[in-house]
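Below, each chain spelled out in residue letters.
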Amino acid sequence: MTDLFVYGTLLRGAPQGALLAHLPRTDARVAGRLFRMPAGYPALVLLPDDHPERGFVHGELVSGVDPRLLVLLDRYEGVDEGLYVRREADVLVGLLRRPALVYEGVQPARNGGVPIPSGRWTQAVRRGRV
């Protein structure tokens, strides 16, 4: 079992959030930038702490994800199509850093992604910017 950071369509109450509804979730954030892709979904880019464009992407840390579920999520996220890469990152839960898996977008800025400065997908959706 592993932890997974989610920030868009897999959030609680989001279109595909039910895929992880049976697992515990905690508010969390990760260092990076969030983009709205032309097809209407989010993409995260992880950035190091000293990067000048780094901010935080807000989401949820989902605990206890079964490796078999990750295979399904890889398909959903388009890993085989080159849309996302699953990698490990330090996720902040309050002031604590925890390692977790995250789906990182592959070059979202070069593929027409528009930055979401707030780093919050749910705010962008509510404001009609998606």
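Before any of the text, the structure's been laid out above.
Residues numbered from 1 in each chain as written. Predicted model: local features only at pLDDT ≥ 70, side-chain atom pairs only at ≥ 80, totals over all residues. Heavy atoms only, no water.

**Structural notes on the pairing of strand S6 (residues 96-105)**
Here's step 1: Looking at chain direction, strand S1 (residues 2-6) and S6 are connected through 2 bridges and run parallel. Counterpart to Leu-4 in the pairing with S6 is Leu-101.
Here's step 2: The sheet contact formed by strand S5 (residues 84-93) and S6 spans 10 bridges and is antiparallel. The partner of Ala-89 across the bridge, within S6, is Ala-100. (Pairing = 2+ DSSP bridges. Helix = DSSP H or I, 4+ residues; strand = E, 2+ residues; numbered from the N terminus.)

**Some words on the packing of aromatic side chains**
The geometry of an aromatic ring pair comes down to the distance between the two centres and the angle between the two planes.
Here's step 1: Scanning the entire structure with this criterion turns up 2 aromatic pairs.
Here's step 2: Arranged with centres 6.2 Å apart and planes meeting at 25 degrees, the rings of Phe-5 and Tyr-7 form a pair that is stacked.
Here's step 3: Overall, the relative accessible area of 6% leaves Tyr-7 in the buried class.
Here's step 4: An angle of 50 degrees between the planes, with centres 6.2 Å apart, marks the rings of Tyr-41 and Tyr-84 as tilted. Taken together, the residues Tyr-41 in the loop between strand S2 (25-36) and strand S3 (42-46) and Tyr-84 in strand S5 connect sequence positions 43 residues apart.
Here's step 5: A relative accessible area of 26% places Tyr-41 in the partly exposed class.
Here's step 6: Exposure remark for Tyr-84: the relative accessible area of 5% places this residue in the buried category.
Here's step 7: The ring of Phe-56 carries Arg-29 above its face, with NZ or CZ at 4.1 Å from the centroid. (Phe/Tyr/Trp six-rings, centres within 6.5 Å; stacked < 30°, edge-to-face > 60°. Buried < 20%, exposed > 50% of the residue type's maximum accessible area, 1.4 Å probe, protein only. Lys NZ or Arg CZ within 6 Å of the ring centre and 35° of its normal.)

**Quick notes on the nonpolar core**
Here's step 1: In terms of nonpolar packing, the biggest core is built from 35 residues, with Leu-4, Phe-5, Tyr-7, Leu-20 and Leu-73 touching the most fellow members.
Here's step 2: Going through the elements one at a time, S1, S2, S3, strand S4 (55-65), helix H1 (67-77), S5 and S6 are the ones with two or more residues in this core.
Here's step 3: Ignoring any residue separated from it by four or fewer positions in sequence, one finds Leu-4 in contact with Leu-20, Glu-60, Leu-61, Val-62, Val-65, Leu-73, Ala-100, Leu-101, Val-102 and Tyr-103. (Core = buried A, V, L, I, M, F, W, Y, C linked by side-chain atoms within 4.5 Å. Contact = heavy atoms within 4.5 Å.)

**Structural notes on the pattern of salt bridges**
Here's step 1: Inspection of the entire model under this criterion finds 7 salt bridges.
Here's step 2: Ionic pairing is found between Glu-53 and Arg-33, a salt bridge with its closest N-O pair at 2.9 Å. Linking Glu-53 in the loop between S3 and S4 with Arg-33 in strand S2, this pair joins segments that are 20 residues apart in sequence.
Here's step 3: Salt-bridge contacts for Arg-68 lead to Asp-66; the nearest nitrogen and oxygen are separated by 2.9 Å.
Here's step 4: Its relative accessible area of 17% is what places Asp-66 among the buried residues. (Salt bridge = Lys/Arg side-chain N within 4 Å of Asp/Glu carboxyl O.)

**Topic: the environment of Val-91**
Here's step 1: If you trace the backbone, Val-91 turns up in strand S5.
Here's step 2: Ignoring sequence-local partners within four residues, the contact set of Val-91 consists of Phe-5, Ala-28, Arg-29, Leu-61, Leu-96, Arg-97, Arg-98 and Ala-100.

**Some thoughts on the environment of Gly-113**
Here's step 1: Position of Gly-113 relative to the elements: it lies in the loop between S6 and strand S7 (114-115).
Here's step 2: Residue classification places Gly-113 among the buried positions, given a relative accessible area of 14%.
Here's step 3: Distance in space between the C-alpha atoms of Gly-113 and Pro-38 is 6.3 Å, their sequence separation being 75 residues.
Here's step 4: Setting aside chain neighbours within four positions, we find Gly-113 in contact with Phe-35, Arg-36, Met-37, Pro-38 and Pro-108.

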